[in-house]
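# Observations on chain architecture
Residues per chain, in single letters:
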Amino acid sequence: MENQVISGLKSYLTFKLGEEQFAVNIGHVKKILEITEITKVPHAPDYYLGVINLFGNVLPVIDGRLKFGLEKRQMDKNACIIVLMLSTENGAHAIGILVDQVLKVTDILDENLSAPPEVGGKFKHDFIQSIANNENEFIIVLNVEKLFSDENIKDVVEN
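Presented here is a report on the structure given in the accompanying data block. (Residues numbered from 1 in each chain as written. Predicted model: local features only at pLDDT ≥ 70, side-chain atom pairs only at ≥ 80, totals over all residues. Heavy atoms only, no water.)

## Digging into the overall build of the chain
Going by this rule: What counts as a helix is a DSSP run of H or I of at least four residues, what counts as a strand is a run of E of at least two, and both are numbered from the N terminus. Accessibility here uses a 1.4 Å probe with only protein chains present; expressed as a share of the type maximum, an area under 20% marks a residue as buried, one over 50% as exposed, and anything in between as partly exposed. The contact criterion used is simple: two residues touch if any of their non-hydrogen atoms lie within 4.5 Å.
Along its length, the chain carries three helices and eleven strands. Along the chain, helices and strands appear, N-terminal first, in the series β-β-β-β-β-α-β-β-β-β-β-β-α-α. A buried classification covers 44% of the 159 residues belonging to the chain. In the chain, of all internal contacts separated by at least 6 residues, the share reaching a separation of at least 24 is 51%.

## Here's the deal with empty space enclosed by the protein
To keep it simple, the criterion reads: Only protein atoms enter the 1 Å grid used here. Points where a 1.4 Å probe fits but cannot escape make up a cavity, open sets with protein on both sides within 12 Å along at least five of seven lines make up a pocket, and a residue lines them when an atom lies within 4 Å of a point. Grid points are joined across faces, edges and corners, and a volume is the space filled by probe spheres set on the points. Classification used: nonpolar for Ala, Val, Leu, Ile, Met, Phe, Trp, Tyr, Cys and Pro, charged for Asp, Glu, Lys and Arg, polar for all others including Gly.
Overall, the coordinates contain one cavity of 30 Å³ or more when judged by the stated rule. Of the voids in this model, the largest cavity is the one considered here, and its volume is about 70 Å³. Each residue belonging to the lining of the largest cavity can be placed in one class, and the counts come to four nonpolar, one polar and five charged.

## Focus on the pattern of salt bridges
Definition in use: Just to be clear on terms, a salt bridge is a Lys or Arg side-chain nitrogen sitting within 4 Å of an Asp or Glu carboxyl oxygen.
Inspection of the entire model under this criterion finds five salt bridges. With a closest N to O distance of 3.2 Å, Asp76 and Arg73 form a salt bridge. Assessed through its relative accessible area of 36%, Asp76 is described here as partly exposed. Measuring nitrogen to oxygen at the nearest pair gives 3.7 Å for the salt bridge that ties Asp100 to Arg73. You can see Asp100 sitting in the loop between strand S7 (91-99) and strand S8 (101-107) and its partner Arg73 sitting in the loop between helix H1 (64-67) and strand S6 (80-88), a full 27 residues away along the chain. Residue classification places Asp100 among the buried residues on the basis of a relative accessible area of 9%. Within this structure, Arg65, Arg73, Asp76 and Asp100 form a network of salt bridges that share partners.

What follows is the structure, encoded as structure tokens:
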């Protein structure tokens, strides 16, 4: 059960990247880690920071800011790595995402969730599951499976 994503939960871990709030279903969250030394991997995409040792296992880590097209920023004391579990056709895999700050675990009611806006053009928003209006704050709820569905990420977690 530890490596399974628990579906149906309405609790979300919220975090910040830049000035924006994001959330992932708590069923995808395995751990929250302090920043540690990250080993660079040659010829990796910009957003792929490298790997860390997680209890004897290799954990790939991506920079959430760069993955979402935000400016790279120096890490401060609030930065941390969220270890997420995602399911692929080859089983469950862990991946770390560097975020600016973890905020809290919050419950979001279905009636406070809206479909992501259609903006057209080249903007890809398929990794956005919904937009939550929670206590008068907008939170971008991520679809973890789609966020990590591009081929570069699949190559990282499945090898």
